[in-house]
Amino acid sequence: MKHEEANKEIESKGTEAQKSRRGRGSKKSSPQSPIPSPQSPAPNLDDWLEIGKIVSPQGLSGELKVYPVSDFPERFEVPGKRWLLRLDDTEPQPIELLTGRYISNKNLYVIKLAGVENCDQAEALRGCKLMVPVSDRPQLGKGEYHVLDLIGLEVFMQASGELVGTVVDIIAAGNDLLEVKLHPSFTTDKGQMTNDKKQKAVLIPFVEAIAPVVDLKSNRIEITPPPGLLEINNS
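Calculation criteria
- Residues numbered from 1 in each chain as written.
- Predicted model: local features only at pLDDT ≥ 70, side-chain atom pairs only at ≥ 80, totals over all residues.
- Heavy atoms only, no water.
- Pairing = 2+ DSSP bridges.
- Helix = DSSP H or I, 4+ residues; strand = E, 2+ residues; numbered from the N terminus.
- Axes fitted to C-alpha atoms, helices over the stretch in contact; angles between N-to-C directions.
- pLDDT = per-residue confidence, 0-100.
- Contact = heavy atoms within 4.5 Å.
- Phe/Tyr/Trp six-rings, centres within 6.5 Å; stacked < 30°, edge-to-face > 60°.
- Lys NZ or Arg CZ within 6 Å of the ring centre and 35° of its normal.
- Buried < 20%, exposed > 50% of the residue type's maximum accessible area, 1.4 Å probe, protein only.
- Polar contact = N/O pair within 3.5 Å; in protein donor to acceptor, adjacent residues only side chain to side chain.

## Points about the sheet that holds strand E7 (residues 108-113)
Next up, step 1: Here we have six strands rolled up into a closed barrel, ordered E3-E4-E7-E6-E5-E8, and antiparallel in their pairing. Mean inter-strand twist for the sheet, computed between neighbouring axes without regard to direction, equals 50 degrees.
Next up, step 2: Where strand E5 (residues 80-85) and strand E8 (residues 129-133) come together, three bridges link them in antiparallel fashion. The residue of E8 that forms the bridge with Leu84 is Leu130.

In structure tokens:
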């Protein structure tokens, strides 16, 4: 599952969420200024995906530390046009990414943006967000899905067609987990209601053996959970 831009990110629609991979086991123009003045009307930010947040300067030459909300390294390592959303701005503005590298022990990228030449200019960008257009989502491989495409899908028992609930989040793990908000009508195979105040969601491993059908066009996922999985989640 590709996490990029919904954050956890899977925080909101405005982040690239990232990608999610369904497992098989149990398992070029450069702006005149890096800080453009906002002059546009309030944009529809649904058209944009957040890929990272600038957290601090790095050194004295204008480099920036960025916390990624995308698991596509090319967003931070491949030079080219990105968009910058300032804290007091109303619309992302284009800016050129020159270089980038990953700091693995800190889960941060260090990037260089055109026009940011010193620590003071870098400091002025603290808290700003890096964005890309929604239309710029990378292509995924077989069995990979954008998190934003999975959130909101309805989950059904494949054998019975019973509606289990709705995907509300994706939890990154060895194999990603679908967090599914239970439908009030859903019952366990023991006939016990699971819609009491404490039992509102289940975690379902997003692996092919348990979620064999992912149909984005029909807005549905079909699951074949092993005996006890849903009961364990609801105990």
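## A word on the confidence of the model for the protein
Next up, step 1: Across the protein, pLDDT averages 79, with 74% of residues at or above 70.
Next up, step 2: Segment residues 25-40 is flagged for pLDDT under 50; beyond a separation of four residues in sequence, or across chains, it makes 35 contacts in the model.
Next up, step 3: Ignoring residues within four places in sequence, the model shows residues 188-195, a span with pLDDT below 50, making twelve contacts including any to other chains.

## Notes on the packing of aromatic side chains
Next up, step 1: Taken as a whole and judged by the stated rule, the model has four aromatic pairs.
Next up, step 2: Put simply, the rings of Phe76, Tyr102 and Tyr109 touch in pairs and so form one group of aromatic residues.
Next up, step 3: Above the ring of Phe156, the side-chain terminus of Arg220 is found at 4.0 Å from the ring centroid.

## As for the side chain of Glu222
Next up, step 1: Looking at where Glu222 falls in the secondary structure, it is placed in strand E15 (residues 220-223).
Next up, step 2: Residue classification places Glu222 among the buried positions, given a relative accessible area of 17%.
Next up, step 3: A polar atom in the side chain of Glu222 sits 3.3 Å from the side chain of Arg220.
Next up, step 4: Ignoring any residue separated from it by four or fewer positions in sequence, one finds Glu222 in contact with Phe156, Gln158, Ile210, Ala211, Pro212 and Val213.

## Brief notes about the sheet that holds strand E12 (residues 177-182)
Next up, step 1: Spatially, the six strands line up as an open sheet ordered E13-E12-E11-E10-E15-E14, and their pairing is mixed. The sheet is open, and its two borders are formed by strand E13 (201-205) and strand E14 (213-215), each paired with just one other strand. Within this sheet the neighbouring strands show an average axis-to-axis angle of 30 degrees, counted without direction.
Next up, step 2: Two strands pair when backbone bridges link them, and E14 and E15 are joined in this way by three bridges, in the antiparallel orientation. By the bridge assignment for E15, Asp215 is matched with Arg220.

## Overview of unusual backbone geometry
Next up, step 1: Phi angles above zero are rare outside glycine, and Asn107 is one such case at about 50 degrees.
Next up, step 2: In this structure, Asn107 sits in the loop between strand E6 (93-103) and E7.
Next up, step 3: The residue Asn219 is not glycine, and still its phi comes out positive at about 60 degrees.
Next up, step 4: With respect to the helices and strands, Asn219 occurs in the loop between E14 and E15.
Next up, step 5: For Asn219, a relative accessible area of 35% corresponds to the partly exposed category.

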